[in-house]
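Understanding the architecture of this molecule
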Amino acid sequence: MLRYTGRRLLQMIPVFFGATLLIYAMVFAMPGDPVSALGGDRTLSPVLQDQIRAEYNLDKPFIVQYLLFLKGVFSLDLGTTIRGHKEIIDVLAQAYPVTI
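Structural notes, computed from the coordinates. Keep in mind it's a predicted model, so treat the numbers as computed, not measured.

A positive phi angle, close to 60°, is found at asparagine 57, a residue other than glycine. In this fold, asparagine 57 is placed in the loop between α3 (46-55) and α4 (62-74). Its identity is not glycine, yet leucine 76 carries a phi of approximately 55°, on the positive side. Looking at where leucine 76 falls in the secondary structure, it is placed in the loop between α4 and α5 (88-99). Look at leucine 76 and you get exposed, because its relative accessible area is 61%.

Structure follows, in structure tokens:
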């Protein structure tokens, strides 16, 4: 039983990296620009768009963005929401009891 549990725990490692990489790649490949969509009907100024891209690392290549995401996951620093600037870990903690 201990061997089975150990094997299952070791299998979680490639599944975690594979699933997060696949989902991250699919979101990255979506058409459109997430920063320009923030403005809705009004277009954001190019300076503000560049500032938002730099703040959320959207100006970096895909692999760098993914590695920064992994660093945040393993350090429990998931960042802030774009709207409202709330810490994502706080948003998850607030929703967790409802999920249970």
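The rest of the description comes next.
Considering all chains together, one arrives at 3 salt bridges under this definition. We note a salt bridge from arginine 53 to aspartate 50, for which the minimum N-O separation is 3.6 Å. Of this pair, arginine 53 and aspartate 50 both sit in helix α3, 3 residues apart, which is roughly one turn of that helix. We classify arginine 53 as buried; its relative accessible area is 18%. Overlapping salt bridges bring together Asp33, Asp50 and Arg53 as one network.

Cut-off values and rules
- Residues numbered from 1 in each chain as written.
- Predicted model: local features only at pLDDT ≥ 70, side-chain atom pairs only at ≥ 80, totals over all residues.
- Heavy atoms only, no water.
- Helix = DSSP H or I, 4+ residues; strand = E, 2+ residues; numbered from the N terminus.
- Buried < 20%, exposed > 50% of the residue type's maximum accessible area, 1.4 Å probe, protein only.
- Salt bridge = Lys/Arg side-chain N within 4 Å of Asp/Glu carboxyl O.

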